[in-house]
Amino acid sequence: MSEIISLKNITKNIGWHEILKNISFSVEKGDVFGFIGPNGAGKTTTLKTILGIIEPTSGEVKIFGENPQNISVKKRIGFMPENTYLYKYLTGDEFLDYAAGFYDISKERIAERKNWVLKKVGLEEARARRLSTYSKGMLQRIGIAQAILHDPELIFLDEPMSGLDPIGRKMIKDLLLELKKSGKAIFLNSHILPDVEAVCDKYAIIVSGKILKKGVMKELSESLENIFMQTLEGEKIDVQ
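Report on the accompanying structure.

Let us look at the sheet that holds strand 1 (residues 3–14). Read from one edge to the other, the open sheet built from 3 strands follows the order 2-1-4, with strand pairing classed as antiparallel. For this open sheet the edge positions go to strand 2 (17–28) and strand 4 (58–63), each flanked by a neighbour on one side alone. Strand-to-strand, the axes of this sheet are offset by a mean angle of 15 degrees, without reference to chain direction. In this sheet, strand 2 lies alongside strand 1 in antiparallel orientation, the contact comprising 8 bridges. Looking across to strand 2, one finds that Ile5 is bridged to Val27.

Rendered as structure tokens:
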């Protein structure tokens with residue numbers, strides 16, 4: 001399998017504070033990679049560093065073997081941030097048209113992809129409604145729809161299950177498994193451990209800016225939740 005994401009000895013300092021501490025891991029084609037940790041552990045900072053939104057203090061990040069800031073790379077990835085700002089005066093349809101405008105996609109292909117993604121996230125009947133009328137879970141689902149609209153090879157999702165009811169979570173888990181089967185690589189930031197365990201092939205646990213454990217899901221001898229809690233206890237972290 002080919003390496004799609006590579007982090008080597010990444011550090012990130014803000015002033016005297018070291019946010020990320022010598023982080024290294026890789027993600028290969030077809031992987032669903034679960035990146036987990038408590039609030040403030042460095043998950044989102046790591047994700048922004050991978051995407052080239054922020055520069056690391058030291059170390060090397062590559063996506064598809066290239067600098068993540070290259071336009072050629074950005075065209076091949078999809079991204080849903082944890083806190084997505086949406087233009088709520090737009091309808092779901094109009095928002096996806098706006099998102100598609102960042103990519104070189106024909107009108108026919110956009111129409112085809114919109115129909116597909118809206119069906120997959122359960123928003124077909126809400127496509128003509130303004131986003132201001134959407135519930136939190138619906139906004140989360142339209143955010144996921146825009147991340148996969150242009151059929152990217154690599155998808156980054158920051159807390160995609162947040163705000164979803166059980167039906168919505170099941171729908172998104174099924175979608176992630178379908179994307180995985182089609183050969184997409186997915187980088188999933190999450191603290192919902194059962195969801196990570198259900199859809200991910202590999203995982204890494206980050207605590208206080210350090211990768212403390214990483215591995216393959218099928219090799220786990222006990223639940224990921226138990227392993228996560230043992231890791232926190234070993235670091236004497238207050239998880240409250």
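Attention shifts here to the pattern of salt bridges. All chains considered together, the criterion is met by 15 salt bridges. Taking the shortest distance from any N to any O, the salt bridge between Lys202 and Asp31 comes out at 3.2 Å. Taken together, the residues Lys202 in strand 8 (residues 202–207) and Asp31 in the loop between strand 2 and strand 3 (32–36) connect sequence positions 171 residues apart. By relative accessible area, Lys202 is classed as partly exposed at 21%. Lys114 serves as the salt-bridge partner of Asp97, at 2.9 Å between the closest nitrogen and oxygen. Pair noted here: Asp97 is in helix 3 (residues 92–100) and Lys114 is in helix 4 (residues 107–120), with a separation of 17 residues, a long-range link. What makes Asp97 partly exposed here is its relative accessible area of 38%. Its relative accessible area of 9% is what places Lys114 among the buried residues. Here the salt bridges share partners, and the residues they tie into one network are Arg109, Glu112, Arg113, Asp151 and Lys184.

Definitions and limits used
Residues numbered from 1 in each chain as written. Predicted model: local features only at pLDDT ≥ 70, side-chain atom pairs only at ≥ 80, totals over all residues. Heavy atoms only, no water. Pairing = 2+ DSSP bridges. Helix = DSSP H or I, 4+ residues; strand = E, 2+ residues; numbered from the N terminus. Axes fitted to C-alpha atoms, helices over the stretch in contact; angles between N-to-C directions. Salt bridge = Lys/Arg side-chain N within 4 Å of Asp/Glu carboxyl O. Buried < 20%, exposed > 50% of the residue type's maximum accessible area, 1.4 Å probe, protein only.

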